[in-house]
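Results of the structural survey
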Amino acid sequence: MRLPDGYQERIYTPQQARSVEAVWRHEEPCAGRSLILPDGRCDVIVRYNADPDAVPRLVVTGPATQPYWVEFEAGDRWIGVRLRPERGRVLWGDALGGAKDQVALGDEAAALVPELAGLSVAGFAETNLRHALVRFVEGRPLSPEGHRVGETVRRLHLTGGRFSVAELADRAGCSTRHLNRMFASTVGLSVKTYASLVQFHRALRLVCEAGGSLSDAAFEAGYADQAHMTRAMRRFGGFAPSDVPEGLIRPDVSGGLWGNRAT
Amino acid sequence: MKLGYTIIYVKNVPETVAFYETAFGLSQRFMHESTLYAEMETGETVLSFSAEEVIELDGLAFAPNEKGATPAGWEICFITEDVRAAFEKAVKAGCSPVSKPHEVPWGQTISYVRDLNGCLVEIATPMNLGG
């Protein structure tokens, strides 16, 4: 499924940046609304408009576990930096625990990332904005815990979210309790929730591109049966597998390690 | 259909190629400029290594090969006349021994190691079927 018009991504490979997963931009020529699928990651976004008098707004998203609609006016534009899952703390700090499904706007966002508050000024240049966002994120080093969690995130993506938390903890060399604690403090979600999101995104891809039946997709994705897949799609997408919306934005939510699906 | 490739998904392709050159005496035939894919010189059926990170975009998922984890249920098998020497060379290079060289009832000498990524590798003498 090709990405909808107006949406572009540039994926950062491990060699280029350890903290930024992708820098994305989006523009909407007409007013409307879009469905955003949850991916368990945090983004820092500047939302502005083609109208140079419009004041840009800073937005910080917490790890999302539910789909949500974004409304927009004609000419609205966004530049965002998507962080690797284990970097949630970079944006939210100690507030990460309460950041699930939250979005910080305006003053709230500026309070979280005061270094970026200066970007909410009319008349900036888009490239400066992108550089400022990336520099900000790259300037925050990852804790040792974050590195460990990063390894588990990698396994989660390779396995399509099919490994149990016990198996993941075993490979990480710690208890399931410890692994969950580390996830909570770096990603802001439980291991199981994040795994379910990975499994959902893979199932969505299989439904759209595997060339088999829904039942085939459910089985390959690791669901007990098609009903379980349907339940997951309703929970994370708000739609049934037989009814995937047209023009859905499906950004690369793999480990962010390779490839650029946008042109 | 012809069997074209055995492709092993690994964390680090150049490291695996170097390891197979040292441990098993193979030579690299091809390395993609991205270093995400390489082929060894193994005759008509190619032994390749591919980076794990590329799989998700194709919708693939699997249990990754890891030294500390239970290996997957398959192996690659190298054939040689001097299994003992080859086994020692492999272990010296860093393979974990699983089963040292021993003769089996039908006259073959076989042995097993696990490579740097935890994959099962058999080193054995040729099997003469219908001897």
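Computed from a predicted structure; not experimentally measured.

Scanning chain B from terminus to terminus reveals two helices and eight strands. In chain B, the succession of α and β elements from N to C terminus is β-α-β-β-β-β-α-β-β-β. Considering chain B as a whole, with its 131 residues, one finds that 27% of them fall into the buried category. Counting contacts in chain B only where the partners sit at least 6 residues apart, residues at least 24 apart contribute 50% of the total.

This part takes up the nonpolar core. Side chains of a nonpolar character, in soluble globular proteins, are inclined to be buried together. With 30 residues, the main nonpolar core has Phe183, Tyr194, Ala203 and Met229 of chain A as its most contacted residues. It is helix α7 (residues 191-209) of chain A that contributes the most residues to this core, ten residues altogether. Once residues within four sequence positions are removed from consideration, Phe183 of chain A is found in contact with Val149, Leu189, Ser190, Val191 and Tyr194 of chain A. Counting residues in hydrophobic clusters, the runner-up holds 27 residues, among them Tyr9, Ala23, Phe87 and Tyr112 of chain B.

Okay, the interface of chain A and chain B next. Tallying the contact residues gives 17 residues for chain A and 14 residues for chain B. Elements with a minimum of two residues in the side of chain A that touches chain B: α4 (144-158) and α7 of chain A. For the side of chain A that touches chain B, the class distribution of residues is five nonpolar, six polar and six charged.

What follows concerns the sheet that holds strand β5 (residues 75-79) of chain B. Residue and element names in this part refer to chain B. Reading across the sheet, the four strands line up as β5-β8-β7-β6 and stay open at both edges, with mixed pairing between neighbours. Among the strands making up the open sheet, the edge pair consists of β5 and β6 (96-103). Strand-to-strand twist of the sheet, defined as the mean angle between neighbouring strand axes without regard to direction, takes the value 15 degrees. One ladder, built from five bridges, connects strand β7 (residues 109-114) with strand β8 (residues 120-124); its direction is antiparallel. Its bridge partner lying in β8, Ser111 is registered against Ile123. This element, helix α2 (residues 83-92), spans β6, β7 and β8 of the sheet and lies at about 5 degrees to β7.

Before going further, it helps to examine the packing of α7 of chain A against helix α9 (residues 226-236) of chain A. All names here are of chain A. Orientation of α7 relative to α9, taken along the N-to-C sense of each, is 105 degrees, at an axis distance of 10 Å. Considering the angle they form, α7 stands roughly perpendicular to α9. Mapping the contact onto sequence places Ser196, Leu197, Gln199, Phe200 and Ala203 in α7 and Met229, Ala232, Met233 and Phe236 in α9. Across the contact of α7 with α9, the residue classes break down as seven nonpolar, two polar and no charged.

Across chain B, the average pLDDT comes to 94, with 98% of residues at or above 70. Prediction confidence for the complex, expressed as pTM and ipTM, is 0.87 and 0.88 respectively.

All right, on to the domain arrangement of chain A then. Residues and elements named next belong to chain A. Its domain assignment divides chain A into domain 1 (7-138) and domain 2 (144-243). Here domain 1 and domain 2 have C-alpha centroids that lie 24 Å from each other. Counting from both sides, the interface comprises 19 residues of domain 1 and, opposite them, 17 residues of domain 2. Tallied by class, the residues present in the side of domain 1 that touches domain 2 amount to eight nonpolar, five polar and six charged.

Residue and element names in this part refer to chain B. Reading across the sheet, the four strands line up as β1-β4-β3-β2 and stay open at both edges, with mixed pairing between neighbours. The open sheet has two edge strands, β1 (5-10) and β2 (28-31), and neither has a second partner. Neighbour to neighbour, the strand axes of the sheet diverge by 20 degrees on average, direction disregarded. Bridge analysis of β2 against strand β3 (residues 37-40) gives three bridges, and the strand direction is antiparallel. From the neighbouring strand, Met31 faces β3, where its bridge partner is Ala38.

Once that is clear, we can look at the packing of α4 of chain A against helix α5 (residues 165-172) of chain A. Residues and elements named next belong to chain A. Where α4 contacts α5, the axes come no closer than 10 Å and their chain directions differ by 130 degrees. For the element pair α4 / α5, the angle class is oblique. The two elements α4 and α5 meet at a crossing, and its hand is right-handed. Counted together, Arg148, Glu151, Thr152 and Arg155 of α4 and Leu168, Arg171 and Ala172 of α5 form the full contact between these two elements. Counted by class, the contact of α4 with α5 contains two nonpolar, one polar and four charged residues.

Residue and element names in this part refer to chain A. Compared with the 21 Å implied by 1.5 Å per residue over 15 residues, the 22 Å span of α4 between its first and last C-alpha is a close match. For α4, the full list of buried residues reads Gly146, Val149, Thr152, Val153, Arg155, Leu156, His157 and Leu158. In the segment just after α4, Gly160 is the residue with positive phi, at about 65 degrees.

Residue and element names in this part refer to chain B. Sheet analysis places β6 next to β7, joined by five bridges and oriented antiparallel. Across the sheet, the residue bridging to His102 is Ile110, located in β7. Linking two consecutive strands that pair antiparallel, namely β6 and β7, is a turn of five residues; a positive phi of about 95 degrees is found at Gly107 within it.

Rules used throughout
- Residues numbered from 1 in each chain as written.
- Chains lettered and ligands numbered in written order.
- Predicted model: local features only at pLDDT ≥ 70, side-chain atom pairs only at ≥ 80, totals over all residues.
- Helix = DSSP H or I, 4+ residues; strand = E, 2+ residues; numbered from the N terminus.
- Buried ≥ 20, exposed ≤ 12 C-beta atoms within 10 Å, placed from the backbone.
- Contact = placed C-beta atoms within 7 Å.
- Core = buried A, V, L, I, M, F, W, Y, C linked by C-beta atoms within 7 Å.
- Nonpolar A, V, L, I, M, F, W, Y, C, P; charged D, E, K, R; others polar.
- Pairing = 2+ DSSP bridges.
- Axes fitted to C-alpha atoms, helices over the stretch in contact; angles between N-to-C directions.
- Parallel < 35°, antiparallel > 145°, perpendicular 65-115°, else oblique.
- pLDDT = per-residue confidence, 0-100.
- Domains from an automatic or database assignment.
- Left-handed = near helix turned anticlockwise from the far one by under 90°.
- Expected span 1.5 Å × (residues − 1).

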